[in-house]
Amino acid sequence: MRKVLKFGGSSMADATQFAKVKSIVQSDPGRTCVVVSAAGKRNKDDHKITDLLYLCHAHVKYGVSCEGIFGMIRDRYITIRDELGLATPLEPAFDALWDKLNGGISQDELVSRGEYFAARLMADYLGYDFVDSALWLHFHLDGTVDTEQSYAALQRYAEGRKVVIPGFYGVMPDGSIKTFTRGGSDITGALAAAALDADVYENWTDVSGFLMADPKIVPNPEPIEHITYAELRELSYIGAQVLHEGTIFPVREKNIPLNIRNTNQPDHPGTMIRESFEDMPEAGDRFITGIAGRRNFTVITITKNGMSNEVGTLRRILELMEKYNQNVEYIPSGIDCVSVVVAADRVSPCLYALLGDLQKELKPDNIHVTENMAVVAAVGRKMVFKPGISGKIFAALGENHINIRMITQGPEELNIIVGVDNKDFENAIRVLYNSFVK
Ligand code: ASP
């Protein structure tokens with residue numbers, strides 16, 4: 001059994017957090033590959049090391065001294081080392097980095113050092129081997145990951161060993177360091193899990209998994225214990241804040257379960273994400289797995305008598321959408337009328353030109369624009385087996401005087417999406433939560 005674990009910034013913030021990580025890793029002999037983020041905030045007024053490193057780079061770029069900020073970064077790691085009683089030789093490495101910084105270091109290389117130092121310390125603390133991501137995580141010239149080369153390299157480095165790996169960065173074909181976008185250590189963990197054909201990818205953070213709704217809208221929402229990759233995709237697309245978007249693909253492709261866990265509450269099972277739970281009938285009896293939504297859509301509704309019998313109308317509408325670079329989110333349709341739902345901020349600069357073209361090309365009887373609309377989705381893999389879910393949704397919204405402006409359901413019956421006025425957004429989420437979960 002091989003488990004790949006990734007610990008986020010808050011799990012790496014100080015010596016106390018390092019100790020929690022060690023006890024988690026040591027409690028299971030399968031936990032042999034550990035990926036780490038840079039040290040994060042110790043409290044809400046603190047700074048993330050990665051933010052400080054970006055700040056250092058900006059100072060150097062504008063010719064302003066960053067000695068003070070650099071000192072804060074150095075002190076954070078040296079304090080962790082000393083409090084843990086380690087002997088990691090950090091000083092020479094920081095001195096060399098300081099010289100390089102003043103001689104013109106790339107932004108990516110500089111900010112990657114947060115993960116680099118964190119991983120060196122964690123490797124010493126756990127007694128694991130440090131494997132630099134510059135040795136195995138290879139990028140193509142276009143910035144995508146060369147998974148073939150990377151997986152083969154990590155297999156060689158990790159074979160029969162217990163290892164700690166820095167997250168967030170890898171190496172370009174010319175040998176320079178390149179980072180992912182912010183939060184990218186999640187991706188490093190997923191790639192390591194895929195490379196090593198792990199039995200599970202555990203992503204350790206400071207929350208006990210996903211919640212069924214945004215806690216800023218619903219007070220104390222229930223946690224999600226089991227969710228499929230497809231459900232997660234729906235929920236994150238529609239607005240739930242989850243993992244870095246590149247995280248899912250490498251593990252899903254290899255059918256590796258992903259478990260979100262809480263370093264500060266290690267006994268909590270967190271959220272388990274898998275391709276399917278068909279072999280686990282005990283995995284949840286709810287019909288709704290989660291509720292999420294987004295505000296600020298514009299709906300363009302085109303009505304034309306006889307449209308249903310005309311060939312090619314939809315194609316012409318979509319071609320115009322493409323011409324104006326609009327990403328069409330939903331296309332609810334009726335007989336002789338079709339709506340396209342697009343993001344308001346993207347369509348508003350070209351709305352009148354687009355409407356003019358639609359008018360010219362399609363000669364419709366009517367074009368109607370609804371602005372300030374929000375979409376709310378109830379997502380659940382079990383909905384497909386249960387009649388009456390949509391009826392319940394509409395009744396609940398109706399009873400609460402929320403006007404439904406649009407209804408659509410994905411063909412896989414994994415979600416039911418309703419469009420409501422922006423002003424009803426939060427209320428709609430609360431109403432759905434209360435009627436399905438409470
Ligand atoms: N340290 C990086 C960041 O703050 C990457 C990560 O933590 O995932 O974005």
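Each remark here, short or long, concerns the structure printed above.
What counts as what
- Residues numbered from 1 in each chain as written.
- Predicted model: local features only at pLDDT ≥ 70, side-chain atom pairs only at ≥ 80, totals over all residues.
- Heavy atoms only, no water.
- Near = heavy atom within 4 Å.
- Polar contact = N/O pair within 3.5 Å; in protein donor to acceptor, adjacent residues only side chain to side chain.
- Areas by Shrake-Rupley, 256 points an atom, 1.4 Å probe, with all protein chains shown as cover.
- Nonpolar A, V, L, I, M, F, W, Y, C, P; charged D, E, K, R; others polar.
- Phe/Tyr/Trp six-rings, centres within 6.5 Å; stacked < 30°, edge-to-face > 60°.
- Helix = DSSP H or I, 4+ residues; strand = E, 2+ residues; numbered from the N terminus.
- Buried < 20%, exposed > 50% of the residue type's maximum accessible area, 1.4 Å probe, protein only.
- Salt bridge = Lys/Arg side-chain N within 4 Å of Asp/Glu carboxyl O.
- Pairing = 2+ DSSP bridges.

**Student:** How would you sum up the site of the ligand? Please name residues and give values.
**Tutor:** The immediate surroundings of the ligand are formed by S37, K48, T50, E115, F168, R182, G183, G184 and S185. Residue S185 places a main-chain N or O atom 3.0 Å away from an oxygen atom belonging to the ligand. Look at the ligand: alone it shows 260 Å² of surface, and the protein chains cover 92% of it. A breakdown of the residues in the shell around the ligand according to their chemical character gives one nonpolar, five polar and three charged.

**Student:** Give a detailed account of the packing of aromatic side chains, specifying residues and quantitative values.
**Tutor:** Applying the stated criterion across every chain yields a total of nine aromatic pairs. Geometrically, the ring pair formed by F7 and W204 is stacked, given 5.9 Å between the ring centres and 20° between the ring planes. With F7 in strand 1 (residues 3-7) and W204 in strand 7 (residues 200-205), the pair connects residues that are 197 residues apart, well separated along the chain. Of the two residues, F7 and W204, both sit in the buried class. Considering the side-chain rings of F94 and F117, the 4.0 Å spacing of their centres and the 15° angle between planes classify their relative orientation as stacked. Linking F94 in helix 4 (residues 90-102) with F117 in helix 5 (residues 107-126), this pair joins segments that are 23 residues apart in sequence. Residue F94 is classed as buried on the basis of its relative accessible area, which comes to 0%.

**Student:** A description of the pattern of salt bridges should follow, citing residues and the corresponding values.
**Tutor:** Under the counting rule described, the total for this entry stands at 27 salt bridges. In this structure, D197 engages K254 in a salt bridge whose closest nitrogen and oxygen atoms are separated by 3.5 Å. Of the two residues, D197 sits in the loop between helix 8 (185-195) and strand 7 while K254 sits in the loop between helix 10 (248-253) and strand 9 (258-262), which places them 57 residues apart along the sequence. With a relative accessible area of 31%, K254 lands in the partly exposed category. A salt bridge links D214 to K216; its shortest N-O distance comes to 3.9 Å.

**Student:** Describe the sheet that holds strand 2 (residues 31-36), and please don't skip the residues or the numbers.
**Tutor:** In spatial order, the strands read 3-4-2-1-7-9-10-8; together these eight strands make up an open sheet with mixed pairing. Sheet topology places strand 3 (129-130) and strand 8 (226-228) at the edges, where each strand pairs with a single neighbour. One ladder, built from three bridges, connects strand 8 with strand 10 (residues 271-274); its direction is parallel. Bridge pairing in strand 10 places H226 opposite M272.

**Student:** Outline the pairing of strand 4 (residues 163-166), supporting the account with residue identities and numerical values.
**Tutor:** Covered by surrounding structure in strand 4 are V163 and I165 together with V164 and P166, the residues of both alternating faces. Across two bridges, the pairing between strand 3 and strand 4 is parallel. Looking at the pairing, F130 lines up with V164 of strand 4.

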